[in-house]
Amino acid sequence: MRNLVQSMMLVGAVSAAGLLVHTGEAAAQEADKAGPETGPRQAEERRRNDLHTQPAVRHRKLLVAKRFEATPLFESTVNADFRHFVGVGLKLEYHLGDKLSVGALGVYAGAINTGLVDKIVPTLPDMAQVDSLEPSKGQFQAHLNKMPLHGAAYVSLTPWYGKLAAFDSAFVNFDFYFQAGVSFAQLQSDCPASICNDTAPGQPRPDPNNAGETLPPDFNPNNDPPLNSGGRVGAYLGAGIHVFLNDFLALDLTVRDYAFNDNPSGADYDANRFVNDDDSRFLNHLFMGVGLSVMLPMKAKRTR
Amino acid sequence: MRPNVRTTLVIASLACLCGSASLALAQKGGAKAAPAKGAEDEIELEDTATPDKPAGEGDGEIELEEDKPVEGNLELDQQGNDLGGPTMKAGPVTRTPISWKDILVVIRKPFLKVRRVELSPFFATTMNDNMVRHNTLGLQANYYLTDVLAVGVEGQLYTHQFREPFDLVGRQARRLPTVNEYNWSGALNFHYVPVYGKFAVLDKHLLTWEVFFTAGIGAAQSSVIPRDRTYPGFDNFLIQPNVGVSMRFFLSKFLTVTMGFRDYVFIDKFEPTDRSAAMNATADQAKSNADSAFINNVMFQLGVSIWLPMSFEYTTFR
């Protein structure tokens, strides 16, 4: 639930305004379908002219419809706990129409320790503690994972488009879009055998000194393998805005949430004092990105 | 003949092609333009003349190329029109689509803010603190000096909740995080609106919006949350500038929805690392040895605004 509230708020709150408008409009359309009316509603009908049934915007440039979009992008995590992931990637998208499109993106990212890690690590002991659950500097950092590769395949809806004026001089087209789909990520952690040397976390171990005998579990999660490497598949949500610089170039600003099972710290989460798969949980990984979209073909058509 | 007069004549002639133009003008009591038979309803033009001001003396928003000088007199043409005389040549109308590219259609803003007060209750939540999340309820009151510039005040009351890493750090790293909670804040703000626009929702309904920047200065109070509850915390008074960017969506003449981001920056004092019965035991001692840090508290804000007066009238010419 860490980033869920934030991401849902960003996506949901932006949608809220549109929903209000759309709801009002739907009510108006229902009123249109009603039978003979009297009173104020009838008077309202009389006031309507032919424009009521006309398109909201005429001679509009179809800046996305039937066009292929290629976007080199930069992306960074927002408010990550232990490591920021900052990377570059590419988004490829085909707009089936003016509102609907399908696409995929992939991002290669490097990892940077967050301020939290930088505060914790100097306070940890240099060497592993035998009779303490306090991790050493090496144990703590070796359990953190990275996300060298992540991406998504999605369907995108573009319900809003418009035009804005900046400083009364620059007039540009823009649109808002919302995306949903499947996310994937390649996670990586590099805990050396000298640190992660517990071969059976939480399990009795064979006693090397007495054949046939077992030792009780050590219940020390700091020497357990972090189990936070490998591929992950989950859900994807995104929302963004195209700001068109001309007919074929657009600034692409996006908030993306890649949600999948993860245990970023690689440590014991459920307090059973050893690390296993149960310590992973479904987490939101919130990113903000900026890209430059190239629309192909480069010439945009207009509506009538 | 001045260019503006010629411009008005050309526009008035084009308006004759549009039957709907006369209807719109008749409803508004403006000067009437005779509709041409067979004209389609696709294009509407508004007469630039006003009852108090002759056509052609407007603010010059619409300009056409002077590739074909138009000879004539506006007053004579209007008189001829009143007498039922021909205002157009007989025969087929020649369309000049190229000229449309030169016409800048500037509609009036659907919402005016100048000399109005915006009362905006809002909700905000922390965006960049993975230890403690602060949620606030606040109120803004802004007065718009012009349509793009406003001055206002805001106040917020804070509540907090610890996030997952606060607990994880304690259990996994065996460290107790040092965190402060915020109690209240207030600020004097200035807002500038450089961007406005409109968009269509699902190709049906037009909605206007704008983007504005905020900068302000204010004060706040934070409190240390002691790692060991046996020792007292202490309060900090903070000088707190802020900057932000927000979007405003216009729902009606008096109702808007605002959302945006605000960065409150300040230097906060935190509980010292070493605290025992012999060291920093009292609040004053702890405060005097507190660790200072520069803080960016980025918050997402969502609010609804009521505008007073609840309606407005245009005082400028179209």
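None of these values were measured; they are calculated from a predicted model.

**Comments concerning the overall build of chain B**
Thinking step 1. Broken down by element type, chain B carries 6 helices and 8 strands.
Thinking step 2. Burial analysis of chain B (318 residues in total) assigns 42% to the buried set.
Thinking step 3. Here the contacts in chain B between residues at least 6 apart in sequence split such that 67% fall between residues at least 24 apart.
Thinking step 4. Carbon and sulfur atoms form 60% of the exposed surface of chain B, whose accessible area is close to 17000 Å².

**Observations regarding helix H5 (residues 164-172) of chain B**
Helical geometry note: an α-helix holds 3.6 residues per turn, so side chains three or four residues apart project in the same direction.
Residues and elements named next belong to chain B.
Thinking step 1. All of the buried residues in H5 are Glu 164, Pro 165, Leu 168, Val 169 and Gln 172. Seen along its axis, H5 keeps its buried residues to an arc of 125°; they face one direction.
Thinking step 2. Just beyond H5, the residue with positive phi is Arg 174, at close to 60°.

**Re the environment of Ser 132 of chain A**
Residues and elements named next belong to chain A.
Thinking step 1. Looking at where Ser 132 falls in the secondary structure, it is placed in the loop between helix H3 (115-120) and helix H4 (137-143).
Thinking step 2. Separated by 88 residues in sequence, Ser 132 and Asn 220 have C-alpha atoms that sit 8.1 Å apart.
Thinking step 3. From its side chain, Ser 132 meets the backbone nitrogen of Glu 134 in a polar contact 3.0 Å long.

**Side note on a nonpolar patch on the surface**
Residue and element names in this part refer to chain A.
Thinking step 1. Together, Phe 68, Leu 90, Leu 92, Tyr 94, Leu 96, Leu 100, Val 102, Val 155, Leu 157, Leu 296 and Met 298 line one region of the surface with nonpolar side chains, adding up to about 880 Å² of accessible area.
Thinking step 2. For the nonpolar patch, the secondary-structure elements that each account for two or more residues are strand E3 (83-95), strand E4 (100-113) and strand E5 (146-166).
Thinking step 3. The element that contributes the greatest number of residues to the nonpolar patch is E3, accounting for 3 residues.
Thinking step 4. Residue position: Leu 92 is located in strand E3.

**Here we look at the nonpolar core**
Thinking step 1. Leu 164, Phe 174 and Phe 176 of chain A together with Phe 199, Trp 209, Met 247 and Phe 249 of chain B are the most contacted members of the largest nonpolar core, which totals 19 residues.
Thinking step 2. Contacts of Leu 164 of chain A, omitting those with residues within four sequence positions, involve Ala 170, Phe 171, Val 172 and Phe 174 of chain A together with Val 195, Tyr 196, Gly 197 and Trp 209 of chain B.

**Notes on the pairing of strand E2 (residues 132-144) of chain B**
All names here are of chain B.
Thinking step 1. In this sheet, E2 lies alongside strand E1 (residues 117-126) in antiparallel orientation, the contact comprising 9 bridges. Bridge pairing links Phe 122 to Gly 138 in E2.
Thinking step 2. The turn joining E1 and E2, which pair antiparallel and follow one another in sequence, is formed by 5 residues.
Thinking step 3. Both E2 and strand E3 (residues 149-162) contribute to a ladder of 13 bridges, which runs antiparallel. Across the sheet, Gly 138 pairs through a bridge with Gln 156, a residue of E3.
Thinking step 4. Counted along the chain from E2 to the antiparallel partner E3, the turn is 4 residues long.

**Overview of the state of the cysteines**
All names here are of chain A.
Thinking step 1. Within this structure, the stated rule accounts for 1 disulfide over all chains.
Thinking step 2. With a sulfur-sulfur separation of 1.7 Å, Cys 191 is cross-linked through a disulfide to Cys 196. Note on the Cys 191 and Cys 196 pair: the S-S dihedral is about 90°, so by sign convention the disulfide is right-handed.
Thinking step 3. The exposure class of Cys 196 is buried, given its relative accessible area of 13%.

**Description of the environment of His 59 of chain A**
All names here are of chain A.
Thinking step 1. Along the chain, His 59 falls in the loop between helix H2 (40-47) and strand E1 (61-62).
Thinking step 2. Sequence-wise, His 59 and Arg 302 are 243 residues apart; in three dimensions their C-alpha atoms are separated by 5.5 Å.
Thinking step 3. Apart from residues no more than four positions distant in its own chain, His 59 is found in contact with Arg 302, Thr 303 and Arg 304.

**Remarks on the pattern of salt bridges**
Thinking step 1. As enumerated under the stated definition, the model contains 15 salt bridges over all chains in all.
Thinking step 2. Of the charged contacts, one joins Asp 126 of chain A and Lys 137 of chain A as a salt bridge, the two residues approaching to 2.9 Å between their closest N and O atoms. In this pair, Asp 126 of chain A sits in the loop between H3 and H4 while Lys 137 of chain A sits in helix H4, placing the two residues 11 residues apart along the sequence.
Thinking step 3. On the accessibility criterion, Asp 126 of chain A (59% relative accessible area) is exposed.
Thinking step 4. Note on Lys 137 of chain A: relative accessible area 22%, which makes it partly exposed.
Thinking step 5. Notably, a salt bridge pairs Glu 154 of chain B with Arg 262 of chain B, separated by 3.1 Å at the nearest N-O pair. Taken together, the residues span a long stretch of sequence, with Glu 154 of chain B in strand E3 and Arg 262 of chain B in strand E7 (residues 255-270) at a distance of 108 residues.
Thinking step 6. For Arg 262 of chain B, a relative accessible area of 2% gives the class buried.
Thinking step 7. A single network of salt bridges, built from pairs that share partners, joins Lys 113, Glu 118, Asp 147, Glu 210 and Arg 248 of chain B.

**Focus on unusual backbone geometry**
Thinking step 1. Between Leu 296 of chain A and Pro 297 of chain A the backbone carries a cis peptide bond, its omega angle lying at 0°.
Thinking step 2. By the element assignment, Pro 297 of chain A lies in the loop between strand E11 (281-296) and strand E12 (301-302).
Thinking step 3. In this chain, Leu 308 of chain B is followed by Pro 309 of chain B through a cis amide linkage whose omega measures -5°.
Thinking step 4. A positive phi angle, close to 60°, is found at Asn 79 of chain A, a residue other than glycine.

**Notes on the confidence of the model for chain A**
Residue and element names in this part refer to chain A.
Thinking step 1. Taken over all residues, the pLDDT of chain A has a mean of 83, while the share at 70 or more is 82%.
Thinking step 2. Across residues 1-5, where pLDDT falls below 50, the model places 17 contacts with residues more than four positions away in sequence or in other chains.
Thinking step 3. Between residues 7-37, whose pLDDT stays under 50, and residues either more than four places distant or in other chains, the model counts 40 contacts.

**A short note on the side chain of Asn 145 of chain A**
Residue and element names in this part refer to chain A.
Thinking step 1. Structurally, Asn 145 is set in the loop between H4 and E5.
Thinking step 2. Overall, the relative accessible area of 3% leaves Asn 145 in the buried class.
Thinking step 3. Separated by 3.2 Å, the side chain of Asn 145 and the backbone oxygen of Asn 228 make a polar contact.
Thinking step 4. Once residues within four sequence positions are removed from consideration, Asn 145 is found in contact with Arg 83, Phe 85, Leu 187, Gln 188, Ser 189, Asn 228, Asp 262, Asn 263 and Pro 264.

**What to know about the packing of aromatic side chains**
Thinking step 1. For the structure on display, the rule yields 26 aromatic pairs over all chains.
Thinking step 2. Where Phe 174 of chain A meets Phe 176 of chain A, the ring centres are 5.6 Å apart and the plane angle is 80°; that geometry is what we call edge-to-face. In this pair, the class of Phe 174 of chain A matches that of Phe 176 of chain A, namely buried.
Thinking step 3. Relative to Phe 199 of chain B, the ring of Phe 174 of chain A lies with its centre 6.1 Å away and its plane at 80°, an arrangement referred to as edge-to-face. On the criterion of chain membership, the pair formed by Phe 174 of chain A in strand E6 (residues 170-188) and Phe 199 of chain B in strand E4 (residues 179-201) is interchain, its members lying in two chains.
Thinking step 4. Exposure remark for Phe 174 of chain A: the relative accessible area of 1% places this residue in the buried category.
Thinking step 5. Judged by relative accessible area, Phe 199 of chain B falls into the buried class, the value being 0%.
Thinking step 6. Among the aromatic residues, ring-to-ring pairing joins Trp 160, Phe 174, Phe 176 and Phe 178 of chain A together with Phe 199, Trp 209 and Phe 249 of chain B into one connected group.

**Observations concerning the side chain of Thr 136 of chain B**
Thinking step 1. Here Thr 136 of chain B is to be found in strand E2.
Thinking step 2. Among all residues touching Thr 136 of chain B, those that are not within four sequence positions of it are Phe 122, Phe 123, Ala 124, Gln 156, Leu 157, Tyr 158 and Met 299 of chain B.

Calculation rules
- Residues numbered from 1 in each chain as written.
- Chains lettered and ligands numbered in written order.
- Predicted model: local features only at pLDDT ≥ 70, side-chain atom pairs only at ≥ 80, totals over all residues.
- Heavy atoms only, no water.
- Helix = DSSP H or I, 4+ residues; strand = E, 2+ residues; numbered from the N terminus.
- Buried < 20%, exposed > 50% of the residue type's maximum accessible area, 1.4 Å probe, protein only.
- Contact = heavy atoms within 4.5 Å.
- Areas by Shrake-Rupley, 256 points an atom, 1.4 Å probe, with all protein chains shown as cover.
- Arc of directions from axis to C-beta.
- Polar contact = N/O pair within 3.5 Å; in protein donor to acceptor, adjacent residues only side chain to side chain.
- Patch = residues over 30% accessible without salt bridge, like charges linked within 9 Å, V, L, I, M, F, W, Y side chains within 5 Å.
- Salt bridge = Lys/Arg side-chain N within 4 Å of Asp/Glu carboxyl O.
- Core = buried A, V, L, I, M, F, W, Y, C linked by side-chain atoms within 4.5 Å.
- Pairing = 2+ DSSP bridges.
- Disulfide = S-S within 2.5 Å.
- pLDDT = per-residue confidence, 0-100.
- Phe/Tyr/Trp six-rings, centres within 6.5 Å; stacked < 30°, edge-to-face > 60°.

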